[in-house]
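Working through the structure, step by step
Each chain is listed here by its residues.
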Amino acid sequence: MKALVFAAGKGERMRPLTETVPKPLLPVRGKPLIAWHLEKLAALGVDEVVINTSWLADAFAPALGQGERWGLRLHYSHEGPEPLETGGGMLHALPRLGSEPFIAVNADIWCDYDFARLPHEPAGLAHLVLVDNPPHNPEGDFALLDDGSVMPAGEQRLTFSGVGIYRPALFANWRNVIGAAAGAELDPPRFRLAPLLRAAMRAGQVSGEHHRGTWTDVGTPERLAALG
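As the structure is a prediction and not an experimental result, all values here were calculated from the model.

1. So, the overall build of the chain
Scanning the chain for helices and strands turns up 6 helices and 13 strands. Its C-alpha atoms give the chain a radius of gyration of 17 Å, near enough to 17 Å, the size a compact globule of 228 residues would have. By principal-axis analysis of the C-alpha atoms, the chain measures approximately 45 × 40 × 35 Å. Taken over 228 residues, the chain has a buried fraction of 52%. Looking at the chain alone, contacts between residues at least 24 apart form 73% of all its contacts between residues at least 6 apart.

2. Side note on the side chain of asparagine 52
Structurally, the position occupied by asparagine 52 is in strand β4 (residues 48-53). Side-chain polar atoms of asparagine 52 contact the side chain of glutamate 79, separated by 2.7 Å. What asparagine 52 contacts, discounting residues up to four positions off in sequence, is Leu4, Val5, Phe6, Ala7, Ala8, Ser77, Glu79 and Gly89.

3. Structural notes on helix α1 (residues 33-44)
Because the α-helix completes a turn every 3.6 residues, residues three or four places apart line up on one side. By the burial criterion, the buried members of α1 are Leu33, Ile34, Ala35, His37, Leu38 and Leu41. A positive phi of about 105° marks glycine 45, the residue just after α1.

4. Let's talk about the environment of valine 150
As for its position among the elements, valine 150 is in strand β10 (residues 150-151). Owing to a relative accessible area of 0%, valine 150 belongs among the buried residues under this scheme. Apart from residues lying up to four places away in sequence, valine 150 is in contact with Leu130, Phe142, Ala143, Leu144, Met201, Val206, Ser207 and Gly208.

Scoring rules and cut-offs
Once a new chain begins, its residue numbering starts again from 1 and follows that chain's sequence as written. Whole-chain, interface and lining totals are the exception, using all residues; otherwise, since this is a predicted model, local features are given only for residues with pLDDT of at least 70 and side-chain atom pairs are given and counted only at 80 or more. Calculated side-chain values reflect all of the structure's heavy atoms, with hydrogen atoms and water omitted. Secondary structure elements follow DSSP: runs of H or I no shorter than four residues count as helices, runs of E no shorter than two count as strands, and numbering proceeds from the N terminus. Atoms counted for the radius of gyration: C-alpha only. Globule rule: 2.2 Å times residue count to the power 0.38. To sort residues, take the accessible area from a 1.4 Å probe on protein chains only and compare it with the maximum for the residue type: under 20% means buried, over 50% means exposed, and anything in between is partly exposed. In what follows, a contact means two residues having at least one pair of non-hydrogen atoms within 4.5 Å. Polar contact criterion, stated in full: a pair of N or O atoms within 3.5 Å, where within protein one must be able to donate a hydrogen and the other to accept it, and residues adjacent in sequence count only if both atoms are side-chain atoms.

Pasting the structure below:
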């Protein structure tokens with residue numbers, strides 16, 4: 001299995017820490033934040049990881065190399081000076097990810113979720129790990145139903161953790177789903193993943209689970225400091 005780690009963001013809420021260091025390379029408990037994800041992916045048996053980059057892209061290879069220390073092969077998917085958002089970034093990385101289901105992880109989260117709990121393949125087009133709503137996202141993102149399906153709205157709205165497994169077919173009709181959204185006309189296109197996920201949810205093609213353990217969106221210097 002292959003994996004994608006989203007690491008292209010500008011980390012603007014992390015300034016001034018991210019003026020010279022991209023957020024995924026900021027240290028957490030003695031190692032770069034992204035290294036915690038790479039270790040867990042390697043332990044799961046993932047052998048190839050694509051890391052998308054944009055802001056301070058040249059810093060990643062010197063810090064991470066080609067993945068030898070984790071037994072991984074790292075590939076860098078550079079998006080240019082402006083990040084392509086989650087949807088555009090995933091689309092841009094698909095040629096390196098192949099035709100089989102792949103794991104995708106936001107580099108700027110911290111969690112104790114065991115990646116081994118992910119299904120080897122999603123039942124539909126995607127399987128998402130959801131968490132309790134943090135103070136900065138009290139309304140949540142998606143609803144997890146009793147049958148394990150995920151919908152755009154519902155009573156039990158939870159927050160998307162940034163961990164999931166996807167089929168490339170999620171992008172089969174992306175232009176029709178995105179429509180005239182700003183950025184879709186660019187080359188390469190820039191757009192968010194959420195509209196594709198919501199369309200797949202309405203078609204009954206997204207499953208999910210509720211992780212009740214530790215999870216942090218490391219979006220501010222205060223949240224980074226709280227991790228110790």
